[in-house]
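So you can see what is in the structure, the chains are spelled out below.
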Amino acid sequence: MITKATASDITALNALINSAYRGESSKKGWTTEANILEGLRTTERELAETLNDPKNTILKYTDQDKIIGCVLLVQKENQLYLGMLTVSPDLQNGGVGKKLLQEAEIHAKSLSLPKIVMTVISVRDELIAWYKRNGYTETGVREPFPASEVHIPITAEPLEFLVLEKVL
């Protein structure tokens, strides 16, 4: 079941997101960033701030009362920004991510937004290919990667974001 996340979900969301993106647990799935970044992907404080902004929605995918997937949706002018698409590493390749993408499209249409945009780290070829198979295209726009105490690059390869979009 896909529903909107609330403040009571923050601890579970934080654990899920960090387990899917960074560290050893993320290596069970194919979407890990553990080979290019270390540190946390998010924090409970960041998630609380995100949920407090009325332009933001986090959708959660729940199975047997456990959150197994989520996605951040941000209303920005004439488009919806999609970020932090997450599926539990043990459950990847089972259709959860695709269902969350479909629900994001429904959300965008409910807000009368004509397109969805996202950023993906440029070296994540397999993930970029997956988004393309799901109707996203490269815009040609690139943005700098924000290295910080949270996002710590561990690869010599330069990191940047590719901007992808899907016109609805």
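Scroll up to find the structure.
Attention in this report is confined to the structure presented alongside it. On a predicted model such as this, the values are computed, not experimentally measured, just so you know.

Moving on: the pattern of salt bridges. A side chain with one charge can pair with a side chain of the opposite charge if their charged atoms come near. What the rule picks out here adds up to 9 salt bridges. One salt bridge in this structure joins Glu49 and Arg45, with 3.2 Å as the shortest N-O distance. Placement of the pair is Glu49 and Arg45 together in helix α3 (residues 44-52), with a separation of 4 residues, close to one helical turn. Relative accessible area serves as the criterion here: at 65%, Arg45 is assigned to the exposed category. Here Lys166 ties to Glu105 by a salt bridge, and the two come within 2.6 Å at their closest N and O atoms. A residue pair is termed long-range when its members are at least 10 positions apart, and Lys166 in strand β9 (residues 160-167) and Glu105 in helix α4 (residues 96-110) qualify at 61 residues. Residue classification places Glu105 among the buried residues on the basis of a relative accessible area of 15%. Among the ionic contacts, a cluster of salt bridges with common partners joins Arg22, Glu33 and Arg124.

This part covers helix α5 (residues 125-133). Every buried residue belonging to α5 is among Leu127, Ile128, Trp130 and Tyr131, and all of these are buried. The arc enclosing the buried residues of α5, seen along the axis, measures out at 155°, which places them on a common side. Set apart from the buried face of α5 by more than 90 degrees, the exposed residues are Asp125, Glu126 and Arg133. Along its buried surface, α5 packs onto β5 (79-87), α4, β6 (115-121), β7 (137-144) and β9. Looking at the residues trailing α5, positive phi occurs at Gly135, about 95°.

This part takes up the sheet that holds β9. Spatially, 7 strands are ordered β1-β3-β4-β5-β6-β9-β7 in an open sheet, and the strand pairing comes out mixed. Across the chains shown, the open sheet's two edge strands, defined by having one partner strand only, are β1 (2-4) and β7. Averaged over all pairs of adjacent strands, the angle between their axes in this sheet comes to 30°, without regard to strand direction. Sheet analysis places β7 next to β9, joined by 5 bridges and oriented antiparallel. Pairing of Pro144 across the sheet is with Glu160, part of β9. Contacting β3 (56-63), β4 (66-76) and β5, helix α1 (residues 10-21) crosses the sheet at an angle of about 80° to β5. Of the strands in this sheet, β5, β6, β7 and β9 touch α5, which is tilted by about 165° from β6.

Moving on: the nonpolar core. Membership of the largest hydrophobic core comes to 25 residues, with the highest contact counts inside it found for Leu82, Leu85, Tyr131 and Tyr136. At the level of elements, β3, β4, β5, α4, β6, α5 and β9 are the ones that each hand at least two residues to this core. The dominant element in this core, judged by the number of residues it contributes, is α4, at 5 residues. Filtering out sequence-adjacent residues up to four positions away, Tyr136 remains in contact with Leu82, Leu101, Ile116, Met118, Tyr131, Leu164, Glu165 and Lys166. Counting 17 residues, the second largest nonpolar core, distinct from the first, contains Ala5, Ile10, Ala20 and Val74.

Further remarks concern α3. All of the buried residues along α3 are Leu47, Thr50 and Leu51. Buried residues in α3, looked at end-on, bunch into an arc of 95°, giving them a common side. Structural note: α3 exposes Arg45 and Asn52 on the side pointing more than 90 degrees away from its buried face. Check the buried side of α3 and you find it contacts α1, β3, β4 and β5.

Cut-off values and rules
- Residues numbered from 1 in each chain as written.
- Predicted model: local features only at pLDDT ≥ 70, side-chain atom pairs only at ≥ 80, totals over all residues.
- Heavy atoms only, no water.
- Salt bridge = Lys/Arg side-chain N within 4 Å of Asp/Glu carboxyl O.
- Helix = DSSP H or I, 4+ residues; strand = E, 2+ residues; numbered from the N terminus.
- Buried < 20%, exposed > 50% of the residue type's maximum accessible area, 1.4 Å probe, protein only.
- Arc of directions from axis to C-beta.
- Contact = heavy atoms within 4.5 Å.
- Pairing = 2+ DSSP bridges.
- Axes fitted to C-alpha atoms, helices over the stretch in contact; angles between N-to-C directions.
- Core = buried A, V, L, I, M, F, W, Y, C linked by side-chain atoms within 4.5 Å.

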